[in-house]
Amino acid sequence: MLAQALRDWLPLVLHYVQPWLSETDIGAGKRWSVEIAKQLEESNFGIICLTRENIESSWILFEAGALAKSLQKSAVVPLLLDLDFREISGPLSQFQAKKLDKNSIHEIVQAINDTAESPIEKPRLSQLFEALWPQLESQLISIPESEDERGPVRSPQDILEDLVATIRGMDQRLRSIEQSLPIAQIVDAPKPEPTALNKVVEREARSLLKRGQKINAIALVRATTNLGLREAKDLVETWEGDSNVSASA
């Protein structure tokens, strides 16, 4: 989940990156070892997402070894979700690891940007990072703890009994709320308003549109609001007629 969250989020901040994720981007029928080696050789930056559950994985060790071979032209950062630095060993220990927190992710984003042929200006990148960090943070919070940190395993019967009790309690509370509210308030409850578009994000989306990257602009708008695809597309297209496709400060 950590790797997938980063894969989806990084292109919003760094529009030029094309993340490749070994778990999802290997086509059916392809030899995983050959495909991973090929992709790693062509990459100039690697993030190895490490958890207590995968640190001994042969896949992880293979990828670390492949990245080490191209170390002269590649930067590699092990990103630790629920591990301490002292727990890193073997081929992974030769890389400078980072703990999963806001500062570390910011440093990684800056490091990736430094390797780009046309990097984003640092002040603009920092503003964009701050605007988009809450989206990644919400996904990171939802990542479940590893098995070692979850405590004793409960029996299915215990879980079922707790679930039934919870549902009954929720049902009672909902009935109480419904009885205390006028019918009109329940029927006519307003729908949530779309999240306002952050000015920093709007400037970046307009900048992408100006450079002919309309799809990236729409994706950025969708990622930072609760607009649907059609609404985000309509909003971006309203900017196309502007003589100056940049948001006001």
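Residues numbered from 1 in each chain as written. Predicted model: local features only at pLDDT ≥ 70, side-chain atom pairs only at ≥ 80, totals over all residues. Heavy atoms only, no water.

1. Let's talk about the overall build of the chain
In terms of regular secondary structure, the chain is built from 10 helices and 3 strands. In the chain, the succession of α and β elements from N to C terminus is α-α-β-α-β-β-α-α-α-α-α-α-α. When the 249 residues of the chain are sorted by exposure, 33% land in the buried category. Accessible area for the chain stands at about 15,700 Å²; split by element, carbon and sulfur atoms hold 52% of it. (Helix = DSSP H or I, 4+ residues; strand = E, 2+ residues; numbered from the N terminus. Buried < 20%, exposed > 50% of the residue type's maximum accessible area, 1.4 Å probe, protein only. Areas by Shrake-Rupley, 256 points an atom, 1.4 Å probe, with all protein chains shown as cover.)

2. Notes on the nonpolar core
Counting 38 residues, the largest nonpolar core has Trp9, Leu14, Ile105, Val109, Leu132 and Leu136 as its most contacted members. Secondary structure elements with two or more residues in this core: helix H1 (2–13), strand E1 (45–50), strand E2 (75–80), helix H4 (102–114), helix H5 (122–141), helix H8 (199–210), helix H9 (214–224) and helix H10 (229–239). The residues that make up this core include at least three from each of domain 1 (1–142) and domain 3 (196–246). The residues touching Leu136, leaving out its near neighbours within four places in the chain, are Ala5, Leu6, Trp9 and Ile105. Counting residues in hydrophobic clusters, the runner-up holds 11 residues, among them Val76, Leu80, Leu83 and Ile88. (Core = buried A, V, L, I, M, F, W, Y, C linked by side-chain atoms within 4.5 Å. Domains from an automatic or database assignment. Contact = heavy atoms within 4.5 Å.)

3. A closer look at the environment of Leu136
Note on placement: Leu136 falls in helix H5. Residues Leu136 and Leu6 lie 130 residues apart in sequence; the distance between their C-alpha atoms is 7.6 Å.

4. Overview of the pattern of salt bridges
A complete count under the given rule lists 13 salt bridges for this structure. A salt bridge links Asp8 to Arg7; the shortest N-O distance between them is 4.0 Å. Under the relative-accessibility criterion, Asp8 is labelled partly exposed at 40%. Among the residues examined, Arg7 registers a relative accessible area of 26% and is labelled partly exposed. Taking the shortest distance from any N to any O, the salt bridge between Glu202 and Lys199 comes out at 3.7 Å. On the criterion of helical spacing, the pair formed by Glu202 and Lys199 is a turn pair, its members being 3 residues apart in helix H8. Connected via shared salt-bridge partners are Lys214, Lys233, Glu237 and Glu240. (Salt bridge = Lys/Arg side-chain N within 4 Å of Asp/Glu carboxyl O.)

5. Here we look at the packing of aromatic side chains
The tally for this structure, following the rule as stated, stands at 2 aromatic pairs. Relative to Phe129, the ring of Trp9 lies with its centre 5.8 Å away and its plane at 80°, an arrangement referred to as edge-to-face. With a gap of 120 residues between them, Trp9 in helix H1 and Phe129 in helix H5 connect regions that are remote in the sequence. Neither residue differs from the other here; Trp9 and Phe129 are each classed as buried. On the basis of an interplanar angle of 25° and a centroid distance of 5.8 Å, the ring pair of Phe129 and Trp133 is categorised as stacked. Of this pair, Phe129 and Trp133 are both found in helix H5, 4 residues apart, which corresponds to roughly one turn of the helix. Exposure class is identical for Phe129 and Trp133. Each is buried. Put simply, the rings of Trp9, Phe129 and Trp133 pair up and form one aromatic cluster. (Phe/Tyr/Trp six-rings, centres within 6.5 Å; stacked < 30°, edge-to-face > 60°.)

6. A look at the pairing of E2
The buried fraction of E2 is high, at 5 of 6 residues. Two elements, E1 and E2, share 6 bridges in a ladder whose sense is parallel. Among the inter-strand pairings, Ile48 is bridged to a residue of E2, identified as Pro78. (Pairing = 2+ DSSP bridges.)

7. A word on the side chain of Lys98
Tracing the backbone through its elements, the reader meets Lys98 in strand E3 (residues 98–99). In terms of polar contacts, Lys98 uses its side chain to reach the side chain of Glu107, at 2.4 Å. Ignoring sequence-local partners within four residues, the contact set of Lys98 consists of Val77, Pro78, Leu79, Leu80, Phe85, Ser104 and Glu107. (Polar contact = N/O pair within 3.5 Å; in protein donor to acceptor, adjacent residues only side chain to side chain.)

8. A closer look at the sheet that holds E1
Adjacent strands of a sheet form backbone hydrogen bonds with each other and so pair up, either parallel or antiparallel. In space, the 3 strands of this open sheet follow the order E1-E2-E3, with parallel pairing throughout. Two strands close off the open sheet at either side, each with one partner strand: E1 and E3. Strand direction decides the pairing type here: E2 and E3, joined by 2 bridges, are parallel. Within the sheet, the bridge partner assigned to Leu79 lies in E3 and is Lys98. Most of the contacts of H1 go to E1, to which it runs at about 145°, and overall it touches E1 and E2. (Axes fitted to C-alpha atoms, helices over the stretch in contact; angles between N-to-C directions.)

9. Brief notes about the confidence of the model for the chain
Of all residues in the chain, 63% have pLDDT values of 70 or greater, and the mean over the chain is 75. Per-element averaging of pLDDT across the chain places helix H7 (residues 183–187) at the bottom with 49 and H4 at the top with 92. A low-confidence stretch, residues 147–153 stays under pLDDT 50, and its non-local contacts, those more than four residues away or across chains, total 6 contacts. (pLDDT = per-residue confidence, 0-100.)

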